[in-house]
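Examining the three-dimensional arrangement
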Amino acid sequence: MHGLYTVFSKELRDHFSSYRFVILFALIAMVSFITSYMAGVHMKGNLEALAKTRFPFLTLFSTPGAVLSMVQFVAFFGPLIGLVLGFDSINRERADGTLIKLVSQPIYRDAVINGKFLAGVATISIILVSIVLVISGFGLALVGAVPEIEEIWRLFIFLLISIFYISFWLGVAILFSISFKSIATSALASVALWIFLSFFVSLGADVVANTVAPVDKSREAEPATIMKNVRIKEMASLCSPMVLYTDAIATIVDPMRKTTRSFVLMGPMEQVLSSRFQNPLPLGQSLIVVLPYVIALIAITLICFAISYLIFMLQEIRT
Amino acid sequence: MEADKIIETINLTKTYGHQTAVNSLSLEVREGEVFGFLGPNGAGKTTTLLMLLGLSRPSGGYSRVCGLDPLRMAREVKRLVGYLPENVGFYSDLNAVESLEYVATLNGIERTEASKKIHDLLELIGLSQDGRKKVGAFSRGMKQRLGIAEVLIRDPKVLFLDEPTIGLDPDGALRLIDLIQSLNRDRNITVLVSSHNLYQVQKISHRVGIMIDGKMVAEGSVESLAEEKFGVGDKEYSLEEIYMKYFQEV
Ligand SMILES: Nc1ncnc2c1ncn2[C@@H]1O[C@H](COP(=O)(O)OP(=O)(O)OP(=O)(O)O)[C@@H](O)[C@H]1O
Ligand SMILES: [Mg+2]
């Protein structure tokens, strides 16, 4: 145990004293200031709409002020935090010749990789918690919205899911830093995978869906075809952790939404109903709706870490 | 005699694909001796040391270090063995004391004991003045000595030193060799040292082993090897002459 704890605390200290972390943190703090400020201003301008919402505090996170809402911002750029914290964690030590020294100490070898992963997760948690606190402070000051207990719970769950989401990307970065000897290669590979999974998969999903079940915009299409098209699109885009994450937090931060599905799949009456009776979904129900996505997200994070773990444990370390 | 063997391998083999790095190596190092491990580049010396530490999985054969199986009891073996790798690296943003503190905590040494040990070790390696200097600013020789201090902090019974004098100036190398000799003499540490500097090896080793292409071609004291190769005579042969003779025969 002392091995794990020692590696963990050294890594944590390294993260916090590195320029990389300072820059990352400054950037994120700035963006969250801006988004929450925008959201706050937006809310002030729509006071009557605000009166109707039961959860004004959550709207701070889910309302797009200028460009992106806080939640969208985490979905898009959160992975970068994970990548930046992990892309050189093992191969830098290898290049510096400190890895062989580390594994020839009387500790279990997995203490090295577990310590590094956990230190990354701790750093991610600290970053996210402080962003949420910043925005909350803003919310209190700017619009005078005091969070209800339920809103605090929802924020807490949002934080947990986000930590898992970003930890998945930390796991990917660590995996690449184990498999690639060169730091530049692992950095490039992880960014490439991030761009591919986050942006191209959704595009690809459209292409696949439209080839398999083409929907002609000009004519009235068969309902069955539309259904098929949307289903395929949904299935394919689930390969993207970003989509998974967006789905997983959908009803958590936005209780007015009753489903993670797109409106196309609802009948006209359902749509009317869902826009008429604006009652938020209770927390328990919201959780049930997103549970499959949350589990899938946790699963891919753990699988990714397990692969890194296995490779690292079986790898021969000569330098 | 059995109990005397602190390191023993029988038919230890390591293959990388088609290439055999270590070929049925049988090696024996006795407690309290300095064993010189010689051989040309790529002979398999480093690979052997890694297998003895449980860092590399042997393709076959038997090995024991302090009576323990390095594969199964890797952590216990590492507690007893200090390994100084070929190109030892450091965290360049830590200073010497911090580096030693990190290694001490990894070894589970408690804080107050560690700081006393660190003080003594810095004295021993002659870096007392540079304890608060960043390791990134250390010279090659200082780093090498710091590396020795790092492996000494756990009070090892055995030291594996992989080319410890490489890249050191003649004076620095001499001082390091003297340090190794005194560790062996005063603390009764068994030393397995691999080196290309035959003169230095001859100076400190009780016995040497010559490894060529993964095979141990000779093992014994310098005198006994000389006798084996050149017969008895009144001429004193240097290790260099003996080594070259073996090398040409293979
Ligand atoms: N990962 C690897 N894959 C394939 N072959 C390897 C690998 N590592 C080492 N070898 C081979 O194993 C052999 C032994 O290498 P080793 O490093 O043990 O030699 P050495 O005696 O330490 O040499 P030197 O004096 O140069 O340090 C070499 O021929 C090397 O090419
Ligand atoms: Mg070597």
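Residues take numbers from 1 onward in each chain, read along the sequence in its written order. The order in which chains are written sets their letters, starting at A; the order in which ligands are written sets their numbers, starting at 1. Reporting in this predicted model follows two pLDDT cut-offs: at least 70 for local features of residues, and 80 or more for side-chain atom pairs to be given and counted; totals over whole chains, interfaces and linings ignore these cut-offs and use all residues. In computing side-chain properties, one takes all heavy atoms of the structure into account and sets aside hydrogens as well as water.

**Focus: the overall build of chain B**
- Helix and strand definitions here come from DSSP, where helices need a minimum of 4 consecutive H or I residues and strands a minimum of 2 consecutive E residues; each element is numbered from the N-terminal end. Scanning chain B for helices and strands turns up nine helices and nine strands.
- Computed over its C-alpha atoms, the radius of gyration of chain B comes to 18 Å, within 12% of the 18 Å expected for a compact globule of 250 residues.
- When the 250 residues of chain B are sorted by exposure, 55% land in the buried category.
- In chain B, 69% of the contacts between residues at least 6 apart in sequence involve partners at least 24 apart. With the radius of gyration taken over C-alpha atoms, the globule rule is written as 2.2 Å times the number of residues to the power 0.38. Only protein chains enter the calculation, and the probe is 1.4 Å; a residue is then buried if its accessible area is under 20% of its type maximum, exposed if over 50%, and partly exposed in between. Between two residues, a contact is recorded if the distance between any of their heavy atoms is within 4.5 Å.

**Considerations on the pairing of strand S1 (residues 5-16) of chain B**
Residues and elements named next belong to chain B.
- For two strands to be treated as a pair, DSSP must find at least two bridges joining them. Strand direction decides the pairing type here: S1 and strand S2 (residues 19-30), joined by eight bridges, are antiparallel. Within the sheet, the bridge partner assigned to Lys 5 lies in S2 and is Arg 30.
- Between S1 and S2, which follow one another and run antiparallel, lie two residues, and Gly 17 among them has a positive phi close to 60°.
- Where S1 lies against strand S4 (residues 60-65), five bridges are found, and the strand directions are antiparallel. In the strand pairing of S4, Ile 7 is matched with Val 65.

**Let's talk about the coordination of the magnesium ion (ligand 2)**
Residues and elements named next belong to chain B.
- For Na, K and Ca the donor cut-off is 3.2 Å; for every other metal, N, O and S atoms count as donors within 2.8 Å. Water does not enter the count, which can leave sites looking incomplete. Only Thr 46 (OG1) and Glu 86 (OE) from the protein coordinate the magnesium ion (ligand 2), and they sit 1.9 to 2.8 Å from it. Placement of the pair is Thr 46 in helix H1 (residues 45-52) and Glu 86 in the loop between strand S5 (81-84) and helix H3 (96-106), with a sequence separation of 40 residues.
- Residue classification places Thr 46 among the buried positions, given a relative accessible area of 13%.

**Re the pairing of strand S9 (residues 215-220) of chain B**
Residues and elements named next belong to chain B.
- Relative to S9, strand S8 (residues 207-212) runs antiparallel, the two being bridged by five bridges. Bridged to Ile 210 within S9 is Ala 218.
- Between S8 and S9, which follow one another and run antiparallel, lie two residues, and Asp 213 among them has a positive phi close to 50°.

**Details of the confidence of the model for chain B**
Residue and element names in this part refer to chain B.
- The score called pLDDT rates the predictor's confidence residue by residue, from a low of 0 to a high of 100. In the predicted model, chain B carries a mean pLDDT of 90, and 98% of its residues have values of at least 70.
- Predicted confidence in chain B is weakest over helix H8 (residues 222-230), with a mean pLDDT of 82, and strongest over H3, with 96.
- Under the prediction, the complex receives an ipTM of 0.90, its pTM being 0.90.

**What to know about helix H5 (residues 140-152) of chain B**
- Under the 1.5 Å per step criterion, the end-to-end length of H5(B) is 19 Å for 13 residues, consistent within 8% with the ideal 18 Å.
- Within H5(B), ten of the 13 residues are buried, which leaves it mostly tucked inside the rest of the structure.
- Turning to H5(B), its buried residues number three or more, namely B:Met142, B:Gln144, B:Arg145, B:Leu146, B:Gly147, B:Ile148, B:Ala149, B:Glu150, B:Val151 and B:Leu152.
- Against helix H7 (99-103) of chain A together with S5, H3, helix H4 (111-124), strand S6 (158-162) and helix H6 (170-187) of chain B lie the buried residues of H5(B). Helices are assigned an expected span. That span is 1.5 Å times one less than the residue count.

**A word on a nonpolar patch on the surface**
Residues and elements named next belong to chain A.
- Within the patch definition used here, like charges are joined within 9 Å and nonpolar side chains (Val, Leu, Ile, Met, Phe, Trp, Tyr) within 5 Å, considering only residues with over 30% relative accessible area and no salt bridge. Throughout, the Shrake-Rupley method with a 1.4 Å probe supplies accessible areas, and for residues the shown protein chains are the sole cover considered. We define a salt bridge as a contact between a side-chain nitrogen of Lys or Arg and a carboxyl oxygen of Asp or Glu at a distance within 4 Å. A grouping of Leu 27, Met 30, Phe 33, Ile 34, Tyr 37, Met 38 and Val 41 is seen on the molecular surface, where their side chains present a nonpolar patch of about 640 Å² in accessible area.
- With respect to the element layout, Met 38 can be found in helix H2 (residues 19-45).
- On the basis of relative accessibility, which here comes to 33%, the residue Met 38 falls in the partly exposed class.

**Digging into the nonpolar core**
- Counting residues in hydrophobic clusters, the biggest one holds 104 residues, and the most contacted among them are A:Phe61, A:Phe158, A:Ile161, A:Tyr245, B:Ile7, B:Phe160 and B:Leu192.
- Here A:Phe158 is in contact with A:Val71, A:Val132, A:Tyr245, A:Ile249, A:Ile252 and A:Val253, once residues within four sequence places are set aside.
- Working definition of a nonpolar core: buried Ala, Val, Leu, Ile, Met, Phe, Trp, Tyr and Cys residues. They are joined through side-chain atoms within 4.5 Å. B:Phe90, B:Val97, B:Ile177 and B:Ile204 belong to the second largest nonpolar core, which has 38 residues in total.

**Digging into the sheet that holds S1(B)**
All names here are of chain B.
- Reading across the sheet, the three strands line up as S2-S1-S4 and stay open at both edges, with antiparallel pairing between neighbours. Every interior strand has two partners, whereas the edge strands, S2 and S4, have only one. Across the sheet, the axes of successive neighbouring strands diverge by a mean angle of 15°, strand direction being ignored.
- The sheet strands contacting H1 are S1, S2 and S4, and the helix crosses S1 at an angle near 115°. Between N-to-C directions, angles cover 0 to 180 degrees, with each direction set by a line fitted to C-alpha atoms, over the stretch in contact for helices.

**Some points on the pattern of salt bridges**
- Applying the stated criterion across every chain yields a total of 17 salt bridges over all chains.
- Of the charged contacts, one joins B:Lys14 and A:Glu316 as a salt bridge, the two residues approaching to 3.4 Å between their closest N and O atoms. Linking B:Lys14 in strand S1 with A:Glu316 in the segment after helix H14 (283-314), this pair reaches from one chain into another.
- A relative accessible area of 9% means that B:Lys14 is categorised as buried.

**Observations concerning the site of ligand 1**
- Ligand 1 sits among 15 residues. The nearest are A:Arg318, B:Lys45, B:Thr46, B:Thr47 and B:Glu86.
- Only heavy atoms are used to decide nearness, and a residue is near a molecule or strand if one of them lies within 4 Å of it. Those chains with residues close to ligand 1 are chains A and B.
- Here a polar contact is recorded for every N or O atom pair within 3.5 Å, except that within protein the pair must consist of a potential hydrogen donor and a potential acceptor, and residues adjacent in sequence are included only if both atoms are side-chain atoms. Contacts to ligand 1 include B:Glu163, whose side-chain N or O atom sits 3.2 Å from an oxygen atom.
- Taking B:His196, its side chain carries an N or O atom lying 3.0 Å from an oxygen atom of ligand 1.

**Describing the packing of helix H10 (residues 183-212) of chain A against helix H11 (residues 223-237) of chain A**
Residue and element names in this part refer to chain A.
- At their nearest, the axes of H10 and H11 sit 8 Å apart, and the two run at 150° to each other. The pairing of H10 with H11 is recorded here as roughly antiparallel in orientation. As for the relative orientation of H10 and H11, their crossing is right-handed in sense. Across the interface between the two elements, Val 201, Ala 205, Asp 206, Val 208, Ala 209, Asn 210 and Val 212 from H10 touch Lys 228, Asn 229, Ile 232, Lys 233, Ala 236 and Ser 237 from H11.
- Here the contact of H10 with H11 is composed, by residue class, of seven nonpolar, three polar and three charged. Angle categories: roughly parallel below 35 degrees, roughly antiparallel above 145, roughly perpendicular from 65 to 115, and oblique for all the rest. By definition, any crossing whose near helix is turned counterclockwise from its far helix by less than a right angle is left-handed, and any crossing with a clockwise turn is right-handed. Side-chain classes are defined by residue name, with Ala, Val, Leu, Ile, Met, Phe, Trp, Tyr, Cys and Pro counting as nonpolar, Asp, Glu, Lys and Arg as charged, and the others, Gly among them, as polar.

**Describing the environment of A:Ala119**
Residue and element names in this part refer to chain A.
- In this structure, Ala 119 sits in helix H8 (residues 110-142).
- Along the sequence, Ala 119 and Ser 9 sit 110 residues apart, while their C-alpha atoms lie 7.2 Å from each other.
- What Ala 119 contacts, discounting residues up to four positions off in sequence, is Phe 8, Glu 11, Leu 12 and His 15.

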